[in-house]
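Remarks on the overall topology
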Amino acid sequence: MSRARCTYTICYVLMILALACYLVTWTSPRATTPQEQWQSFHPWLGPPPQQLQAEEWDSDTGSLQGVIFTFFSTEEWRAKTIRSFGLENKGRDTAPLPGHWEKQLHPFLPKLTAWPKLMITHAYSSGYDVRDMTLAQLNDGRTLLAFHYKWDNEFGRRELVQPSYEAKPEAPTPLWLTGLYIVLSSLFLLLVPLGFLLLFPGFDLTRKRHMAYWFLAAALFPLILLISACTCTGVLSAIPAAIFWCIILVPWQLAGAGMLLPIVMMIAFRKDRP
């Protein structure tokens, strides 16, 4: 391999690592306070209560997250939540609480459970699939609310829980940060497949099929990522994803590949000089 190719390979690997690190950092879950965790369920549970604490609740199903909230609640809140979620002192095949919480439950007050529900959003398009919901009283007077959940947009035959409170608007993301994420995402989708082609010494853009590979790689790479994302989020998300890919992403990728083509051919890859 020539010196130019070696230099390019090192630069390409470093670029991929830098882009991947930023995108993973952006999308990775951040540490949140109990109040921030509660705010995710604000439309159905209301404002964060007093002396709120939160703990993760492990699940046997990898797709589900779990949380155990403890706090001081009012009788009004308890009655409203029991009514909204259909909580009863009956067997609902719910997962048992962790042992240290079972020991702290009030011995003479019932542990209320509910069937799986879908906490539907105000837009009625998606919501939280909630399972193993448990409401109980602790020995020290605090209330325990625990459940497993995941974001879902397939209703199935589950009972819907309507929002009982107004949605609290989230703090807007800084415009510069959103713009930086868009730019880096575009670079990732365009430069990763095209740069990979240029790693091959035989790929010098002097043949017609090389041109076809160039534009196909730019158009098909984001399609693979979209298909992978749709298999994780559900069938309903595939329709808007397909529309986005056909109308916006493909023309964008092809235009970017066309703009890069003369630059790449002009620099070092038309003829791989030793």
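These lines cover the structure that appears in this document, whether it is placed above or below. All values derive from a computational prediction rather than experimental measurement. (Residues numbered from 1 in each chain as written. Predicted model: local features only at pLDDT ≥ 70, side-chain atom pairs only at ≥ 80, totals over all residues. Heavy atoms only, no water.)

1. Structural notes on the nonpolar core
Membership of the largest hydrophobic core comes to 25 residues, with the highest contact counts inside it found for Leu 194, Leu 198, Phe 203, Leu 205, Trp 214 and Ala 257. Contributions of two or more residues to this core are made by helix 1 (3–27), helix 6 (175–197), helix 7 (208–233) and helix 8 (238–266). No other element matches helix 8, which puts 8 residues into this core. Within the second largest apolar cluster, 22 residues are counted, among which are Trp 38, Leu 45, Val 67 and Phe 71. (Core = buried A, V, L, I, M, F, W, Y, C linked by side-chain atoms within 4.5 Å. Buried < 20%, exposed > 50% of the residue type's maximum accessible area, 1.4 Å probe, protein only. Helix = DSSP H or I, 4+ residues; strand = E, 2+ residues; numbered from the N terminus.)

2. Regarding the pairing of strand 6 (residues 143–152)
A large share of strand 6 lies buried, amounting to 8 of its 10 residues. In this sheet, strand 6 lies alongside strand 2 (residues 65–72) in antiparallel orientation, the contact comprising 7 bridges. Counterpart to Gln 65 in the pairing with strand 6 is Tyr 149. Relative to strand 6, strand 5 (residues 127–137) runs antiparallel, the two sharing 9 bridges. Residue Asp 129 lies in a different strand from strand 6, and its bridge partner there is Lys 150. Counting the residues between successive antiparallel strands, the hairpin from strand 5 to strand 6 contains 5 residues, one of them, Gly 141, with a positive phi of roughly 95 degrees. (Pairing = 2+ DSSP bridges.)

3. Description of the pattern of salt bridges
Throughout the structure, instances matching the rule amount to 6 salt bridges. For Arg 92, the salt bridge goes to Glu 88, with nearest N and O atoms at 2.3 Å. Glu 88 sits in the partly exposed class, given a relative accessible area of 32%. Between Arg 131 and Asp 129 there is a salt bridge, with the nearest N and O atoms lying 2.8 Å from each other. Here Arg 131 falls in the partly exposed class, since its relative accessible area comes to 31%. Each of the salt bridges in this network shares a partner with another, and the network as a whole consists of Glu 88, Lys 90 and Arg 92. (Salt bridge = Lys/Arg side-chain N within 4 Å of Asp/Glu carboxyl O.)

4. Brief notes about the packing of aromatic side chains
What the rule picks out here adds up to 15 aromatic pairs. Their ring planes at 80 degrees and their centres at 5.7 Å tell us that Tyr 128 and Tyr 149 sit as a pair that is edge-to-face. Taken together, the positions of Tyr 128 in strand 5 and Tyr 149 in strand 6 put the pair 21 residues apart, joining distant regions of the chain. The same class applies to Tyr 128 as to Tyr 149, namely buried. Judged by centre distance (6.2 Å) and plane angle (50 degrees), the ring pair of Phe 188 and Phe 221 falls under tilted. Of this pair, Phe 188 sits in helix 6 while Phe 221 sits in helix 7, and the two are 33 residues apart along the sequence. (Phe/Tyr/Trp six-rings, centres within 6.5 Å; stacked < 30°, edge-to-face > 60°.)

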